[in-house]
Amino acid sequence: MASRSTPSPSPGRAAGRPVGSVTRGTTNPNRLRRMDRWIAFAHGAALRRAGDPVAVDLGYGAAPWTAVELLARLRDAAPRVRVVGIEIEPARVSGAKPYEREGLSFRHGGFEVPLEGGERPMLIRAANVLRQYDEEQVEEVWARLCARLAPGGLLVEGTCDEIGRRHVWVALGPEGPRTVTFATRLGSLERPSDLAERLPKALIHRNVPGEPVHAFLRDFDRAWAAAAPYASYGARQRWIRTARALSADWPLADGPGRWRQGELTLRWEALRPVG
């Protein structure tokens, strides 16, 4: 579903047609492992509390690997969870059908998130879906997806590189955006601002002077440079020291347990675009 066309139905669009446009469909096994592990940590308890929790892999692409992996990872945290992969390209849905199993199914659809019987999901994961949409379309898509969530549900929307080394995502509840998470394979990181190329669509064009995300990445690099002596203990210790330094000026929403995973999460309000 990556396109510069509007995600909302146009007057000429037939009723019931999926909302959105076809993506390139690029996917690789384990590409979304960092996002999946964070979801299991952050949202696992809510999924366990739900009686019949449904998670949606929205826009899974040309191959169903990400949906298959999402089911396996979420079931470690919530054994009753079901995953529904939703794709706007019918051929991709047909190609995924042989991978269906107990707890995993695939449906044709888009941002309207069509589920059986009008079910509302406890989780919608939309990875690498909005990258080629226009920035001004993001809030509309977020609102549409958040409106589909069950009470206590979570939308996770973001972008990663082709093999999942660098990833940035926004977590949203029915009320809107909550946090932004930066995640990386620490051994491959030269400086934290390298993650800027993977900022989600709502932030990627805001990495300019005067915008909070630009100031944060500047401070992130400075703290990383100041923590260089800790590199002798490994990149993980350097990242942890960097996060501790950032926490003096930025509202971090996590702690050492997640920092050790090469993650750092901030409150959305700290990075909200200006204007």
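Residues numbered from 1 in each chain as written. Predicted model: local features only at pLDDT ≥ 70, side-chain atom pairs only at ≥ 80, totals over all residues. Heavy atoms only, no water.

Novice: Quick question: what am I supposed to make of unusual backbone geometry here?
Specialist: Note: most peptide bonds trans; most residues except glycine with negative phi. Of note, the phi angle at Val113 is positive, near 50°, even though the residue is not glycine. If you trace the backbone, Val113 turns up in the loop between β3 (104-108) and β4 (123-127). Unlike most non-glycine residues, Asn128 shows phi in positive territory, near 60°. Along the chain, Asn128 turns up in the loop between β4 and α4 (138-148). (Helix = DSSP H or I, 4+ residues; strand = E, 2+ residues; numbered from the N terminus.)

Novice: For this particular structure, what's the right way to read helix α1 (residues 33-49)?
Specialist: Each full turn of the α-helix corresponds to 3.6 residues, which orients residues three or four apart in the same direction. Compared with an ideal rise of 1.5 Å per residue, which puts 17 residues at 24 Å, α1 spans 23 Å between its outermost C-alpha atoms and is within 8% of the ideal. Of all the bends in α1, the largest measures some 65° and sits at His43. (Expected span 1.5 Å × (residues − 1). Bend = angle between axes of the 7 residues up to and from the residue.)

Novice: Could you clarify how one ought to interpret the nonpolar core in this entry?
Specialist: Phe182 and Phe216 are the most contacted members of the largest nonpolar core, which has 52 residues in total. Broken down by element, the residue count for this core peaks at seven residues, all from helix α6 (residues 212-226). Residues in contact with Phe216, not counting those within four places in the same chain, are Phe182, Leu246, Trp250, Leu264, Leu266 and Leu271. (Core = buried A, V, L, I, M, F, W, Y, C linked by side-chain atoms within 4.5 Å. Buried < 20%, exposed > 50% of the residue type's maximum accessible area, 1.4 Å probe, protein only. Contact = heavy atoms within 4.5 Å.)

Novice: Mind showing me how you'd approach a positive patch on the surface here?
Specialist: A surface patch of positive charge is lined by Arg236, Arg241, Arg244 and Arg260. Looking at the element boundaries, Arg236 is found in helix α7 (residues 235-246). (Patch = residues over 30% accessible without salt bridge, like charges linked within 9 Å, V, L, I, M, F, W, Y side chains within 5 Å. Areas by Shrake-Rupley, 256 points an atom, 1.4 Å probe, with all protein chains shown as cover. Salt bridge = Lys/Arg side-chain N within 4 Å of Asp/Glu carboxyl O. Lys, Arg positive; Asp, Glu negative; His and termini not counted. Charge placed at Lys NZ, Arg CZ, Asp CG, Glu CD.)

Novice: Got a minute to help me understand the packing of α6 against α7 in this structure?
Specialist: Two quantities define a packed helix pair, namely the angle between the axes and the distance from one axis to the other. At a closest axis distance of 9 Å, the pairing of α6 and α7 adopts a crossing angle of 130°. It follows that α6 is oblique to α7 by the angle criterion. Considering only the axes of α6 and α7, their crossing is right-handed. Counting all contacts with α6, which are made through Phe216, Asp219, Phe220, Ala223, Trp224 and Ala225, the residues of α7 involved are Ala235, Arg238, Trp239, Thr242, Ala245 and Leu246. A per-class count over the contact of α6 with α7 returns nine nonpolar, one polar and two charged. (Axes fitted to C-alpha atoms, helices over the stretch in contact; angles between N-to-C directions. Parallel < 35°, antiparallel > 145°, perpendicular 65-115°, else oblique. Left-handed = near helix turned anticlockwise from the far one by under 90°. Nonpolar A, V, L, I, M, F, W, Y, C, P; charged D, E, K, R; others polar.)

By themselves, these figures tell us nothing about what the structure is for.
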